[in-house]
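Observations on the three-dimensional arrangement
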Amino acid sequence: MMKDVQGELDRRKIPLKHVGIKDLRWPVALKDKEKGTQHSVANVSLAVDLPHDLRGTHMSRFVECLQTLGPVTLGSLENILDHLKERLQAEKAFLQLKFPYFIYKTAPVSGQRAPMDIDCVYTAEKDEKFSLRISAEIPIQTLCPCSKEISAYGAHNQRALAKLEITSQEMVWLEELAEIADAGASAPVYGLLKRPDEKFVTEQAYDNPRFVEDAVREIALRLEADNRITWYQATVESIESIHNHNAFACVEKGWKDVEA
């Protein structure tokens, strides 16, 4: 028998939070609203809380537990955390998947369809209870209302990023989060546009000018109206085209409780 060094008694009496592995690239199968299943590659972090009296954890067991992951669902993520807690004798386990996800969007005039990637994160934890946060970062377009108002012609517009992070009591599709982000924008961003589409999108943005403050408030109204969502935080960051800085605005659930 080889000596179990990690399992040695530690007398420093310091409990550790999130001991584990990170930056592991791993194939994943994801639920796709339109196609059923979509395959991607995730950057994975796995961890457990380490008691004060244990010197270390067994890093290989994280990968062993991850090998039981099937198609990513709420149940499969919770199952991984249960395995981690059991195999590593931990009271709390942590799992994070960062991955690109492709949604298909149809150009507004030509009708051409093309994929567009969005960056997503699933962050799951379990002690006595299971919790999951879902995050999606969706490219959108903003057009400055002030620039439109003061200019004789034209207005500065740019790509922006809408980051939506939620917890929910039921399934919320990543495609739905992308639709909410688009609804808050001056105009959506597409994977493929022909000239008639470009004309349409440019004019749509000009007719619908929004600051980042406007965009994030429109997103918040839609998130607030979804009864499945129990908590959210939304941020819109505009990659400014005429300023040497970006602009951003953020809102979190609970704003309705603030006195006017």
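Residues numbered from 1 in each chain as written. Predicted model: local features only at pLDDT ≥ 70, side-chain atom pairs only at ≥ 80, totals over all residues. Heavy atoms only, no water.

**Remarks on the nonpolar core**
Within the largest apolar cluster, 59 residues are counted, with the highest numbers of intra-cluster contacts made by Leu84 and Leu223. Setting aside anything within four residues of it in sequence, one finds leucine 223 in contact with Leu164, Ile166, Leu177, Ile180, Ile229, Tyr232 and Ala234. By size, the runner-up hydrophobic cluster in this structure holds six residues, among which are Ala155, Ala187, Val201 and Ala205. (Core = buried A, V, L, I, M, F, W, Y, C linked by side-chain atoms within 4.5 Å. Buried < 20%, exposed > 50% of the residue type's maximum accessible area, 1.4 Å probe, protein only. Contact = heavy atoms within 4.5 Å.)

**With respect to the pattern of salt bridges**
For the structure on display, the rule yields eleven salt bridges. When the shortest N-O distance is used, the salt bridge between glutamate 224 and lysine 253 registers 3.1 Å. On the criterion of sequence distance, the pair formed by glutamate 224 in helix H6 (residues 212-225) and lysine 253 in the segment after strand E9 (247-252) is long-range, its members being 29 residues apart. Taking the relative accessible area as the measure of exposure, glutamate 224 reaches 22% and is therefore partly exposed. Counted as one network, the salt bridges with shared partners bring together Glu78, Asp82 and Lys126. (Salt bridge = Lys/Arg side-chain N within 4 Å of Asp/Glu carboxyl O. Helix = DSSP H or I, 4+ residues; strand = E, 2+ residues; numbered from the N terminus.)

**Observations regarding unusual backbone geometry**
Across the chain, the bulk of peptide bonds are trans and the bulk of non-glycine residues have phi less than zero. Even without a glycine there, the phi angle at aspartate 23 is positive, about 60°. Overall, aspartate 23 belongs to the exposed group, its relative accessible area being 52%. Phi angles above zero are rare outside glycine, and glutamine 89 is one such case at about 50°. Mapped onto the secondary structure, glutamine 89 falls in the loop between helix H2 (74-87) and strand E3 (93-106).

**Considering the pairing of strand E8 (residues 229-238)**
Where strand E6 (residues 157-168) meets E8, nine bridges bridge the pair, whose relative direction is antiparallel. Looking across to E8, one finds that leucine 161 is bridged to glutamate 237. Where E8 and E9 come together, six bridges link them in antiparallel fashion. Looking at the pairing, valine 236 lines up with alanine 249 of E9. (Pairing = 2+ DSSP bridges.)

**Some remarks on the side chain of serine 186**
On the secondary structure map, serine 186 appears in the loop between helix H4 (174-184) and strand E7 (187-188). The exposure class assigned to serine 186 is buried, which follows from its relative accessible area of 1%. There is a polar contact of 3.3 Å between the side chain of serine 186 and the backbone nitrogen of arginine 210. (Polar contact = N/O pair within 3.5 Å; in protein donor to acceptor, adjacent residues only side chain to side chain.)

**Details of the packing of H4 against H6**
Taken N-terminus to C-terminus, the directions of H4 and H6 make an angle of 135°; their axes are 7 Å apart at the nearest point. The orientation of H4 with respect to H6, classified from their angle, is oblique. Between H4 and H6 lies a crossing of right-handed hand. On H6, the residues touching Leu177, Ile180, Ala181, Ala183 and Gly184 of H4 are Ala215, Glu218, Ile219, Arg222 and Leu223. Classifying every residue of the contact of H4 with H6 gives seven nonpolar, one polar and two charged. (Axes fitted to C-alpha atoms, helices over the stretch in contact; angles between N-to-C directions. Parallel < 35°, antiparallel > 145°, perpendicular 65-115°, else oblique. Left-handed = near helix turned anticlockwise from the far one by under 90°. Nonpolar A, V, L, I, M, F, W, Y, C, P; charged D, E, K, R; others polar.)

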